[in-house]
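Chain residues, written in single-letter form:
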Amino acid sequence: MRSAVCPGSFDPITLGHLDIIKRASKLFDQVIVLVVVNPDKAPSFTPEERMEMIRLATADIGNITVDSYDGLLIDYVRRTGAAAIVKGLRAVSDFEYEFQMAMTNKKMYPYAETLFLTTSMYNMYLSSSLVKQIARFGGDISDFVPFPLHNFIYERLTQGRGSFNEY
């Protein structure tokens, strides 16, 4: 079985993330959507909340599993035996950083490839940071996040409250 890891912070998951995940699910037998914990960032959602949002957003895709990890991505890939890391690219500006990471990962573990999927033209401007900024100023984020998660994401970002169990 060929598996891939699709890593990200997913803080929160956007329709752009979901597009890459769905496309990766057609290329591999199993896709592990991995919430990577970055100690240098102050997330708006806990890793558990991000994992649950991903599970809800991908519930209709049969070959998706969700996990989180707070170490080096390549160590997780090695441990799971994944054949590939799938990353989405929005613009040329993403490529330089992602290319450097891909080369470093290849040096550290030559048995996994990094595949870049270009985002659809509908999502090329979209990022979690943009969603957070729009929501914090009271803007409409419904075109940017999966529908079942909209209210939870919006309330957390605008009012700093809301339990995932309420939704």
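These figures come from a predicted structure and were not determined experimentally.

Visitor: Which parts of the structure should I look at to understand helix H5 (residues 128-136)?
Guide: For an α-helix, the turn length of 3.6 residues means that residues three or four places apart are oriented alike. Among the residues of H5, Ser128, Val131, Lys132 and Ala135 are the ones counted as buried. Each buried residue of H5 lies within a common arc of 100° when the element is viewed along its axis, so the set occupies one face. Next to the buried residues of H5 lie helix H1 (15-27) and helix H6 (150-159). Backbone geometry just downstream of H5 places glycine 138 in the positive-phi region, at approximately 80°.

Visitor: How do you make sense of unusual backbone geometry when you look at a structure like this?
Guide: Between aspartate 11 and the following residue, proline 12, the backbone shows a cis peptide bond with an omega angle of 0°. Relative to the assigned elements, proline 12 resides in the loop between strand E1 (3-8) and H1. Even without being glycine, phenylalanine 10 reaches a positive phi, approximately 50°. The buried category is assigned to phenylalanine 10, whose relative accessible area is 1%.

Visitor: Could you clarify how one ought to interpret the layout of surface pockets in this entry?
Guide: If a probe as big as a water molecule is rolled over the atoms, it shows which places are left empty. For the largest pocket, the calculated volume is near 1300 Å³. For the largest pocket, the lining is made up of 43 residues, of which Pro7, Gly8, Ser9, Lys87 and Glu98 are closest to its centre. Breaking the lining of the largest pocket down by element, the ones donating at least two residues are E1, H1, helix H3 (73-80), strand E4 (84-89), helix H4 (92-108) and H5. Looking at the lining of the largest pocket, its residues break down into 19 nonpolar, 16 polar and 8 charged.

Visitor: Explanation requested: the packing of aromatic side chains in the structure shown.
Guide: The geometry of an aromatic ring pair is captured by two quantities: the separation of the ring centres and the angle between the planes. Using the criterion set out here, one finds 6 aromatic pairs in the structure. Ring centres of tyrosine 125 and phenylalanine 144 lie 6.1 Å apart, and the angle between their planes is 80°; this geometry places the pair in the edge-to-face category. Of this pair, tyrosine 125 sits in the loop between strand E5 (113-118) and H5 while phenylalanine 144 is found in the loop between H5 and H6, placing the two residues 19 residues apart along the sequence. The class of tyrosine 125 is partly exposed, set by a relative accessible area of 46%.

Thresholds applied
Residues numbered from 1 in each chain as written. Predicted model: local features only at pLDDT ≥ 70, side-chain atom pairs only at ≥ 80, totals over all residues. Heavy atoms only, no water. Buried < 20%, exposed > 50% of the residue type's maximum accessible area, 1.4 Å probe, protein only. Helix = DSSP H or I, 4+ residues; strand = E, 2+ residues; numbered from the N terminus. Arc of directions from axis to C-beta. Contact = heavy atoms within 4.5 Å. 1 Å grid on protein atoms, 1.4 Å probe; cavity = no way out; pocket = protein on both sides within 12 Å on 5 of 7 lines; lining within 4 Å. Points joined across faces, edges and corners; volume = space filled by probe spheres on them. Nonpolar A, V, L, I, M, F, W, Y, C, P; charged D, E, K, R; others polar. Phe/Tyr/Trp six-rings, centres within 6.5 Å; stacked < 30°, edge-to-face > 60°.

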